[in-house]
Amino acid sequence: GSQALLLHSPPSPLLLHSPPPPPPTATLPGRTRTSRAMQEHRRHSRKRRRRSGSQGCEERDDGSADEMKVGDERRLGGVPGKASGPSCEPARGVSGDVEHKGGMEEGRGKSVYRKNESVDDDAYFGGYSGIEIHQDMLQDRARTEAYRDAILENAPMFKGKAILDVGCGTAILSMFAKDAGARVVYAVDASKMATYAKRIVKKNKADDVIKVLHGKMEEIQLPEKVDIIISEWMGYFLVYESMLDSVLHARDRWLKPDGKMFPAEARLFLGGFRWPEYIQENLGYWRNVYGKDFTALIPLAYRSHLKDPVIDELSVEQEVTGSNLVKDINLMTIKKEDLSSWSAEFSLQAMISASVHGIFAWFEVEFPSLEGKNTDTKSGVEEGEGPVILSTAPEEEPTHWGQALFFFNDFPEIQQDDLISGTLNVRKNDKNPRFLDIQIRWRHEPSAKEDVNGGSCDKGMPINSTKFVVQKYKFA
């Protein structure tokens, strides 16, 4: 099984007291963009976000609490989570996933858990040889249409140019590049799907432009350097699976000095969330099983359902804090070693008063764009309307990536404007660099202040700040 690092102490059984009635849902102005960091970062209104009307799912081949008080009773109350859309098969080549039924709907709460921790790339690429994972990604319309629009709306960048598609899968992105007028597209894939990609390309009469090459990017030899590299390399938590390493190798080896990367930038964000139904279903259930006390199983239940990262699609109502940018990647300048181990501080401000059950991660990628507008009279496509951004934020259309959820081992009650602050540490696993070892050091900082004479006031020192909690997780 997974060798994920265990929490030093399991959650307190007192967490599981009967929940009081849920508090009324707070309605806040500008609810979907209340984080100042997020607002600042989305700096121009010209950036258009993908909002596909269809949902879908494609292609790709014990942490301890430092003297934390766990004897306090915590509420399990909160607003019900949304019903999720159609459940997606585990994507990005993750095998052996365990699906948990979170009390609302079957298929919610997929733990990122892989039994085979082999470093053999054959096993990794083998995960992308079947049709299911490619169908999931192709049916993720927010994803696929973002790439299509970014390419076709910037057709002048592609016209007459040499393109490299890293990890081409079924070659759908390569065919978009051909539609945009590319002179030649080198479509590279190490999985057996490359054999089918060749047939797909031929069926679509595109083999005069698209050259499918079966092999690892690090071993492939191209006849020339390219003008643009396109790749859908993003994994759960943005960098899980380390496919970006192959893209960076391709950039350093084959991209012309004035070449472009599609996408050009990637950003990872953190936020605080609540999911009382999942907690109640997986922990609270053991308080009363046919009238019997089964709380002795709570530590095992925690390890099974909350210890490892969970992939799911949160609703906007489940967001408790604003989001904080923790990693900004420029695809033209980032180096492979920059992703081996990195850390970032975060400070998440509460938008409402509620229990916080953990921290979630989401990402966005941004594509290059032409300056101004230029309508191609032949195709009728208007280019240059601004950068296309593909986002996995809860307020956006669902994608097969969902969000990555990291549950706390204690659930603080926070008030509006309180902070959940700390440090995120990420490093590649020593045994398998496609896996991630993640440490989150966090604490609750109340917004209330205490004056020198006691009592509450607007100025002074924070009161009741908790000590830092250190929790460790493994993306495997």
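Quick notes on the rules
Residues numbered from 1 in each chain as written. Predicted model: local features only at pLDDT ≥ 70, side-chain atom pairs only at ≥ 80, totals over all residues. Heavy atoms only, no water. Helix = DSSP H or I, 4+ residues; strand = E, 2+ residues; numbered from the N terminus. Buried < 20%, exposed > 50% of the residue type's maximum accessible area, 1.4 Å probe, protein only. Areas by Shrake-Rupley, 256 points an atom, 1.4 Å probe, with all protein chains shown as cover. Pairing = 2+ DSSP bridges. Contact = heavy atoms within 4.5 Å. Axes fitted to C-alpha atoms, helices over the stretch in contact; angles between N-to-C directions. Patch = residues over 30% accessible without salt bridge, like charges linked within 9 Å, V, L, I, M, F, W, Y side chains within 5 Å. Salt bridge = Lys/Arg side-chain N within 4 Å of Asp/Glu carboxyl O. pLDDT = per-residue confidence, 0-100. Expected span 1.5 Å × (residues − 1). Phe/Tyr/Trp six-rings, centres within 6.5 Å; stacked < 30°, edge-to-face > 60°. Lys NZ or Arg CZ within 6 Å of the ring centre and 35° of its normal. Polar contact = N/O pair within 3.5 Å; in protein donor to acceptor, adjacent residues only side chain to side chain. Parallel < 35°, antiparallel > 145°, perpendicular 65-115°, else oblique. Left-handed = near helix turned anticlockwise from the far one by under 90°. Nonpolar A, V, L, I, M, F, W, Y, C, P; charged D, E, K, R; others polar. Core = buried A, V, L, I, M, F, W, Y, C linked by side-chain atoms within 4.5 Å.

> Which parts of the structure should I look at to understand the overall build of the protein chain?
The helix and strand tally for the protein chain stands at ten helices and 26 strands. Looking at the protein chain as a whole, 57% of its 476 residues qualify as buried. Working note: accessible area of the protein chain is about 20,400 Å², and carbon and sulfur atoms make up 49% of it.

> Help me out: how do you make sense of the pairing of strand 19 (residues 403–407) in this one?
Remark: a regular strand shows side chains that alternate across the two faces of the sheet. Of all five residues in strand 19, five are buried, a share of seventy percent or more. Every second residue of strand 19 is oriented toward a common face, with Gln-403, Leu-405 and Phe-407 on one face and Ala-404 and Phe-406 on the other, all of them buried. In this sheet, strand 19 lies alongside strand 11 (residues 310–312) in antiparallel orientation, the contact comprising three bridges. Counterpart to Val-310 in the pairing with strand 19 is Leu-405. Bridge count for strand 15 (residues 358–366) against strand 19 is four bridges, and the pairing is antiparallel. Considered in strand 19, the bridge of Ala-361 is made with Ala-404.

> Just checking my understanding: could you explain the environment of Ala-393 for this structure?
Within the secondary structure, Ala-393 sits in the loop between strand 18 (388–391) and strand 19. Ala-393 sits in the buried class, given a relative accessible area of 0%. In contact with Ala-393, not counting residues within four places along its chain, are Trp-362, Phe-363 and Gln-403.

> Even after reading the chapter, I still don't get the sheet that holds strand 5 (residues 162–166), so can you show me in this structure?
Each strand in a sheet pairs with another by means of backbone hydrogen bonds, the pair being arranged parallel or else antiparallel. Across the sheet, which stays open at both edges, the five strands sit in the order 7-6-5-8-9 with parallel pairing between neighbours. With partners counted over all chains shown, the strands left at the sheet margins are strand 7 (210–214) and strand 9 (255–262), one partner each. Geometrically, the sheet is characterised by an average inter-axis angle of 20° between neighbouring strands, direction not taken into account. Summarising the sheet, strand 8 (residues 226–230) and strand 9 pair through four bridges and their orientation is parallel.

> For this particular structure, what's the right way to read a nonpolar patch on the surface?
A grouping of Phe-294, Leu-297 and Leu-300 is seen on the molecular surface, where their side chains present a nonpolar patch of about 240 Å² in accessible area. For Phe-294, a relative accessible area of 33% corresponds to the partly exposed category.

> Just to check I follow, could you spell out the pattern of salt bridges for this structure?
It is possible for side chains of opposite charge to pair when their charged atoms get near one another. Going through the model one piece at a time under the given rule, you end up with 14 salt bridges. Across the pair Asp-437 and Arg-427 runs a salt bridge, and its minimum N-O distance is 3.4 Å. Here the residue Asp-437 occupies a position in strand 22 (residues 436–445), and Arg-427 occupies one in strand 21 (residues 419–428), the gap between them amounting to ten residues. In this structure Asp-437 comes out as buried when scored by relative accessible area, which is 12%. Using a relative accessible area of 35% as the deciding quantity, one classes Arg-427 as partly exposed.

> Would you explain the confidence of the model for the protein chain in this entry?
Parts of the model with low pLDDT should not have their predicted coordinates read in detail. Summarising the model, the protein chain shows a mean pLDDT of 76, and 66% of its residues fall at 70 or more. Considering only residues more than four positions removed or in separate chains, one finds that residues 1–107, a stretch of pLDDT under 50, has 312 contacts. Confidence over residues 372–384 falls short of pLDDT 50; this stretch has 28 contacts with residues more than four positions distant or in other chains.

> Could you clarify how one ought to interpret helix 4 (residues 141–152) in this entry?
For an α-helix the count is 3.6 residues per turn, leaving residues at separations of three or four pointing the same way. Relative to the 16 Å expected for twelve residues at 1.5 Å per residue, helix 4 spans 16 Å between its end C-alpha atoms, a close match to the ideal helical length. Most of helix 4 is tucked away: nine of the twelve residues are buried. Residues of helix 4 that are buried in the fold lie against helix 3 (131–138), helix 5 (155–158), helix 6 (172–179), strand 8, strand 9 and strand 18.

> Explain unusual backbone geometry to me, please; I cannot follow it from the model alone.
Leaving glycine out, the prevailing phi sign among residues is negative, and the prevailing peptide bond configuration is trans. The omega torsion of the bond from Phe-262 to Pro-263 falls at 0°, within 30 degrees of zero and hence cis. Among the structural elements, Pro-263 can be located in the loop between strand 9 and strand 10 (265–273). Phi is positive for Lys-205, close to 55°, though the residue is something other than glycine. Turning to its location among the elements, Lys-205 is positioned in the loop between helix 7 (193–203) and strand 7.

> Looking at this structure, I do not really get the packing of aromatic side chains. What am I missing?
Between two aromatic rings, the relevant description is the distance of the centres plus the angle of the planes. Scanning all chains against the criterion turns up 18 aromatic pairs. Between Tyr-236 and Tyr-240, the aromatic rings sit 6.3 Å apart at their centres with planes inclined by 15°, giving stacked as the arrangement. The two residues Tyr-236 and Tyr-240 agree in class, both being buried. An aromatic cluster of at least three residues, connected via ring pairs, comprises Tyr-236, Phe-237, Tyr-240, Phe-406, Tyr-473 and Phe-475. Across the ring face of Trp-254, the terminal group of Arg-253 is positioned such that the distance to the ring centre comes to 3.9 Å.

> Honestly, the side chain of Asp-418 in this entry has me stumped. Any pointers?
With respect to the helices and strands, Asp-418 occurs in the loop between strand 20 (413–414) and strand 21. Residue Asp-418 is classed as buried on the basis of its relative accessible area, which comes to 3%. Polar contacts involving the side chain of Asp-418 include one to the main-chain amide nitrogen of Gln-415, which spans 2.9 Å. Not counting the four nearest positions on each side in its chain, Asp-418 is found in contact with Leu-348, Gln-349, Ala-350, His-444, Glu-445, Pro-446 and Ser-447.

> What's the story with the packing of helix 4 against helix 6 in this structure? I'm lost.
Packed helices, taken two at a time, are described by the angle between their axes plus the distance between the axes. Axis separation between helix 4 and helix 6 bottoms out at 9 Å; the angle between their running directions is 25°. Looking at the two axes, helix 4 sits roughly parallel to helix 6. In terms of crossing hand, the pair formed by helix 4 and helix 6 is right-handed. Taken together, the residues of helix 6 that come into contact with helix 4 (itself represented by Thr-144, Tyr-147, Arg-148, Ile-151 and Leu-152) are Ile-172, Leu-173, Phe-176, Ala-177 and Asp-179. Looking at side-chain class alone, the contact of helix 4 with helix 6 contains seven nonpolar, one polar and two charged residues.

> Could you clarify how one ought to interpret the nonpolar core in this entry?
If you look at soluble globular proteins, the nonpolar side chains tend to sit buried side by side. Core analysis: the largest hydrophobic core is formed by 117 residues, its most contacted members being Phe-158, Leu-164, Phe-237, Phe-346, Leu-424, Ile-438 and Phe-475. Once residues lying within four places of it in the same chain are set aside, the contact partners of Ile-438 are Phe-237, Phe-406, Leu-424, Asn-425, Val-426, Gln-471, Lys-472, Tyr-473 and Phe-475.

> Would you mind going over the pairing of strand 15 with me for this structure?
For strand 15, the tally of buried residues reaches nine of nine residues, placing the bulk of the element in the interior. Burial of the side chains of strand 15 extends over both faces: Gly-358, Phe-360, Trp-362, Glu-364 and Glu-366 are buried on one face and Ile-359, Ala-361, Phe-363 and Val-365 on the other. Inspection of the sheet shows strand 10 paired to strand 15 by nine bridges, in the antiparallel sense. Each residue of the ladder has a partner; that of Leu-270, found in strand 15, is Ala-361.

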